[in-house]
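Residue strings, one per chain:
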Amino acid sequence: MPGRPRKTVQTGDVELIGAPVEGLEKLSEDLSLSLNRDEMIMLAHYFRDLGRNPTMLEIQAMAQAWSEHCCYKSSKLYLKKFLSGLKTDYTILAMEDDAGVVEFDDDHAYVVKMESHNHPSAIEPYGGAATGIGGIIRDVLCMGAQPVALMDSIYLGEIKENMTNDHGLTQRFTFNGIVSGIRDYGNRVGIPNVAGSVDFHHSYNNNPLVNAGCIGIARKDNIIRSKIEKVGDLLILAGGRTGRDGIHGVNFASVRISERESNKRAVQLGNPIIKEPLIHSILEAVDQGLIDGMKDLGGGGMSSSVGEMCYAGGTSAEIHLENVLLKESDMAPWEIWISESQERMLLAVSKENLERIAQIFKKWDIEFSVIGTVKEGNNLVIYNGGKKEMDLSLPFLTSGPMYCRPYRTKVPDRKETALPREPQNFNELMLKFASDPNVCSRFRVIRQYDFTVRGNTISKPLTGFPNHETHSDCAIIRPLEESMRGLALSIGTAARMVSLNPYNGTLAALSEGFRNIMVSGSIPHSIVDSLNFGDPEKPDSMGEFIESVRAIGDFCRKFKLPVVAGNVSLYNGSSSSSIIPTPTILFTGICENVTAALSSEFKGDGNIVVLIGNSPPDLSGSLYSIYSGVTSYDAPGVDIDELSRIYSGFIEAFRRGFVVSAHDVSGGGIAMTAFEMSFGRGIGFSIDISDVSHGRTTQKLFSEAGNRIIAEVKEKDYEGFSKCFTDVNLVKLGRTGGDRAIIDDMGLNYVNLGVEELREAWDHGLDNYI
Amino acid sequence: MDSKSILPESDKPRVAILRMEGTNNEDEAFHSFRRSGAEPEYVHINEISRGHIDLEDFSAIFIPGGFSAGDYVRAGAIFAARLRFSVMDKLVRFISSEKPVIGICNGFQVLAELGLIPDIGGRQDRVVTLAPNISSRFECRYVYIRMTSRNKMFSARFSNGKPRQVPVAHAEGRVLASDMKIIDAIDENGQILFRYSNPDGTGCGYPWNPNGSVKDIAAITNPAGNVIGLMPHPERVYYNFQMMGNEKNDPNGTGKDFFDSVVDFILRK
């Protein structure tokens, strides 16, 4: 490919050596490096020892590599401390490459990953969310896997108030923009979106969160590593062209969002119609064994992909920027190097295979170019039309600083939540509560996503009679035509609980995810986390992060679950306050036979409704306490030993065919859980909650504490069912049947509503907002 | 195993599943045809226009759903323009030899755009449009369809009028015509193959008709009945375990009957 001369902007050396400290800080700001004073001093010292100033490209590359986003400088100490050593014998790759790789069956592995795309979505909700989906698909694809399902957890500001935030956007605009972005990208690429969560809280007003997950399936022998080991291989950049969209995205994601400055330039633009053929062509090349190493271009662009791939494989590279295909011809070398333009993949391919891979790209009309060669040695060398633009040691470039920041662990000053006044009319309360945006159905969102494309979504995000469904606990995908084995997927968190007590709250989120998988009869198998926290330079935020990661470590050790991938997003919030800590957990489970999976809706009349697990009468952090305006001070503890006993008993009961339906108790407590079970087929119930706990009626109805599940069991099976459990509290609540939801307590009737009336209120709760 | 699945390789009818950038429902269509005993092949339209592949060699053509070229213009418009430019005459010959041409979702939009359905009077005018859903939203849900014509291809398995469960997933699926007389004409000609229905077949309002199509149209054909455009996705519900609610207990999914019908039709010819 002929090199072409380039007009360049802002090149030449950057005066680092001998610059005064204030000058260094100003330089960081002027060049949008987002490096702090100490980091700039470290760089100045390094180049002083080299005896020369850095080029513009070098200093920009350093800023990419040393950003929080790329090098995890605030978080890696704790990720290592609490999450290392969690590998199981079925884990193939955990926390090593772009995505986790875990055994699915003898010949296949699933590839799973989740990432946050928060800062871009705050500024430009539609584009930010869309590229979040695009990026996560590439992370799975670059391991050589066919993406089979998408998931997303989104967190938005107070939706009921329609005021503009610091970016001049209303919450409804942001909500609609984010959902539309996820919808348009996912639907166009043809990967079903099967699981998700939507949460509203005022702390997300200026900083909504978008956490996107993707899972794929690959033959084990087709897994491609994100590293370059073969000296002499060619480096190929394929897919979209490189442009000025998404410059400084990672630096922008590594500081608080500025209220003044327009950061739109840092938001990339996605194009699903390049992505779709890119997926086909890459998978074809993978099948033919043409690719030696592969990585997607995300945060940091080529700068981080090339550097990390070479460093991981113990090689180096020589790059020729004049061979990069551009959207705009007047880009400076440093802009080309750090651009985060979407839909690009970096491939290492041997010279012999170049022709064959070129044929595949041609068939799919995919543009590509050879941008460099893999070399031996330490230094990454970059040329632009004969001029050397970079010659730096890869270990220095990619290592980055590591911080042990000061932190403070919050000790709650009170334990108990003050009790709200008992309502006069529970029927009225239930109709209002069920339609609250935090409680109601998510169908307005779910139905905008194509969750049936590819035909493999066996348990859908909704379940029951068509157009009369209720929520599922998890989705189940059957990824292989020749097998009935499935992947069970659940995603979400318990952010309000985490904000009250990061350790207990994170355990609550894990317990819920675990039960979401378990109630379908699937086996929890691996975890991916997306850790969204506030400013790590504030000790309280740092303390929240550390406690949350500690909880993940403890939980996973207890259940021998690997954490196979994850990401950390810090600096979420506005100048005045941080978001509530939000560790999103993606659980993957194995469903041994998709045709036997359980779903959450009541199936028949006259069956026993049983509550499994202890019921602490604690309303702390519950949706009901928020609904009734009561302040909570601490989150209830989670007894993970009890969860373990519940798990053994439940799976045994499921395998023996004793469970008709099951649903975990989470947001809205026993009340919402039983309601939701009645919605799917319009089958009512009559239950008595006298024996649930010693608390007041609202505590029994709405507490979200514990590790509880409600199950539907046939009368004739109940004895066998109860014998499956050892040292687990079982409370027979009542029976299914009729078309009314009836709840009694201590001899008094509290709720008596038509299931349809209740379902209508619940179904339409979001209608005014999206 | 189905008797047709054990046909010798050479006797299996070849089905071309057309692809271009943005088509994305092809894997489930591929599997559905294969399960019903056909020999499906992916054919990129570049391979046809470059002369590498001849449509004559196939017994049926399937145009899958998706978002061909992003559907940024009008759903299916670009796919249709490229087909018109490269293979229109071959496609018309293919159709006149009474071989099936089936377009689902975006594929329906392509066929309507090319004027191959309803094709009253054989002039291939674009008289039917798939307009944005009345709800102005993307609608992903399960609905029901009933067969409402005497189409030979499907009469054996669908003519009892029983509502059959199928998923839909589209933002533009509302069948409209420039003139209501056209709709009346295709109705009289028996070209309305399937209509949306509620589960018991007694009526049909939103969301059972998910897009607001006139006369609840879910699928239409050309006058001969071998060119079929339909919005729902039978290829996603081949087996009972892909269905929802009570239909999970049916012997098989709606898709099996649909694709078995197509393959039987080819083999009978």
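Residues numbered from 1 in each chain as written. Chains lettered and ligands numbered in written order. Predicted model: local features only at pLDDT ≥ 70, side-chain atom pairs only at ≥ 80, totals over all residues. Heavy atoms only, no water.

Asker: Tell me about the overall build of chain A, and name the residues and values.
Answerer: The helix and strand tally for chain A stands at 25 helices and 28 strands. For chain A, the spread of C-alpha atoms along the three principal axes comes to 85 × 55 × 45 Å. Counting all 770 residues of chain A, 69% fall into the buried class. If you take every contact in chain A between residues at least 6 apart in sequence, the share linking residues at least 24 apart comes to 84%. Carbon and sulfur atoms make up 47% of the accessible area of chain A, which amounts to about 25300 Å² in all. (Helix = DSSP H or I, 4+ residues; strand = E, 2+ residues; numbered from the N terminus. Buried < 20%, exposed > 50% of the residue type's maximum accessible area, 1.4 Å probe, protein only. Contact = heavy atoms within 4.5 Å. Areas by Shrake-Rupley, 256 points an atom, 1.4 Å probe, with all protein chains shown as cover.)

Asker: Before we move on, could you go through the overall build of chain B and cite the residues and values that matter?
Answerer: Counting its secondary structure elements, chain B contains seven helices and eleven strands. Principal-axis analysis of the C-alpha atoms gives chain B an extent of 50 × 45 × 35 Å. Relative to its 269 residues, chain B shows a buried fraction of 61%. For chain B, the share of sequence-separated contacts (at least 6 apart) that also reach a separation of at least 24 residues comes to 76%. Counting only carbon and sulfur atoms, one obtains 48% of the accessible surface of chain B, whose full area is about 9700 Å².

Asker: So what's going on with helix H1 (residues 21–30) of chain A? Which residues, and what values?
Answerer: Residues and elements named next belong to chain A. Along H1, the residues classified as buried are Leu24, Leu27 and Ser28. Seen along its axis, H1 keeps its buried residues to an arc of 100 degrees; they face one direction. Relative to its buried face, H1 has exposed residues pointing more than 90 degrees away, namely Glu22, Lys26 and Glu29. A positive backbone phi angle near 55 degrees is found at serine 32, which sits one or two residues after H1. (Arc of directions from axis to C-beta.)

Asker: Can you explain the pairing of strand E27 (residues 740–745) of chain A? Please cite residues and give values.
Answerer: Residue and element names in this part refer to chain A. Here E27 shows a buried face lined by Ala741, Ile743 and Asp745 and an unburied face lined by Arg740, Ile742 and Asp744. Pairing geometry for strand E24 (residues 685–688) and E27, over four bridges, is parallel. Across the sheet, phenylalanine 685 pairs through a bridge with alanine 741, a residue of E27. As paired strands, E27 and strand E28 (residues 748–754) are joined by six bridges and run antiparallel to one another. (Pairing = 2+ DSSP bridges.)

Asker: Before we move on, could you go through the interface of chain A and chain B and cite the residues and values that matter?
Answerer: It is common to give the size of an interface as the accessible area lost on bringing the parts into contact. Facing 41 residues of chain A, the contacting portion of chain B comprises 43 residues. Interface area for chain A against chain B, summed over the two sides, is near 3400 Å², with a carbon-plus-sulfur share of 51%. When the buried surface of chain A facing chain B is broken down by residue, Arg188, Pro466 and Asn467 of chain A rank first, second and third, together holding 17% of it. Here chain A is connected to chain B by four salt bridges. When the shortest N-O distance is used, the salt bridge between arginine 454 of chain A and aspartate 27 of chain B registers 3.3 Å. (Buried area = accessible area lost by both parts, 1.4 Å probe. Salt bridge = Lys/Arg side-chain N within 4 Å of Asp/Glu carboxyl O.)

Asker: Describe the confidence of the model for chain B, listing the residues and the values that go with them.
Answerer: Taken over all residues, the pLDDT of chain B has a mean of 90, while the share at 70 or more is 94%. Under the prediction, the complex receives an ipTM of 0.94, its pTM being 0.94. (pLDDT = per-residue confidence, 0-100.)

Asker: Tell me about the pattern of salt bridges, and please be specific about residues and values.
Answerer: Inspection of every chain in the model, using the stated rule, returns 60 salt bridges over all chains. With its nearest N and O atoms 3.7 Å apart, the salt bridge here joins glutamate 601 of chain A to lysine 603 of chain A. Judged by relative accessible area, which is 2%, glutamate 601 of chain A ranks as buried. We classify lysine 603 of chain A as partly exposed; its relative accessible area is 27%. One salt bridge connects aspartate 257 of chain B with arginine 157 of chain B, and the closest N-O pair in it is separated by 4.0 Å. Linking aspartate 257 of chain B in helix H7 (residues 254–268) with arginine 157 of chain B in helix H5 (residues 155–158), this pair joins segments that are 100 residues apart in sequence. Given a relative accessible area of 25%, arginine 157 of chain B falls into the partly exposed group. Where salt bridges share partners, they join Lys87, Glu96, Asp97 and Arg225 of chain A into one cluster.

Asker: Go over the confidence of the model for chain A, please, and point to the residues and values.
Answerer: Mean pLDDT over chain A: 92, with 95% of residues reaching 70 or higher. Note that residues 1–10 of chain A has pLDDT below 50 and, in this model, 29 contacts with residues that lie over four places away or in other chains.

Asker: Lay out the packing of aromatic side chains in plain terms, naming residues and giving numbers.
Answerer: Summed over the entire model, instances satisfying the criterion amount to 36 aromatic pairs over all chains. Between the aromatic rings of phenylalanine 175 of chain A and phenylalanine 200 of chain A, the centroid separation amounts to 5.4 Å while the plane-to-plane angle is 85 degrees, which identifies the pairing as edge-to-face. Separated by 25 residues along the polypeptide, phenylalanine 175 of chain A in helix H8 (residues 171–189) and phenylalanine 200 of chain A in strand E5 (residues 193–200) bring together distant segments of the chain. Take phenylalanine 175 of chain A and phenylalanine 200 of chain A: they sit in the same class, and that class is buried. An aromatic cluster is defined as three or more aromatic residues linked by ring pairs; in this entry it consists of Phe33, Phe62, Phe154, Phe158, Phe194, Phe258 and Phe259 of chain B. Over the ring of tyrosine 238 of chain B we find arginine 35 of chain B; its NZ or CZ atom is 5.2 Å from the centre of that ring. (Phe/Tyr/Trp six-rings, centres within 6.5 Å; stacked < 30°, edge-to-face > 60°. Lys NZ or Arg CZ within 6 Å of the ring centre and 35° of its normal.)

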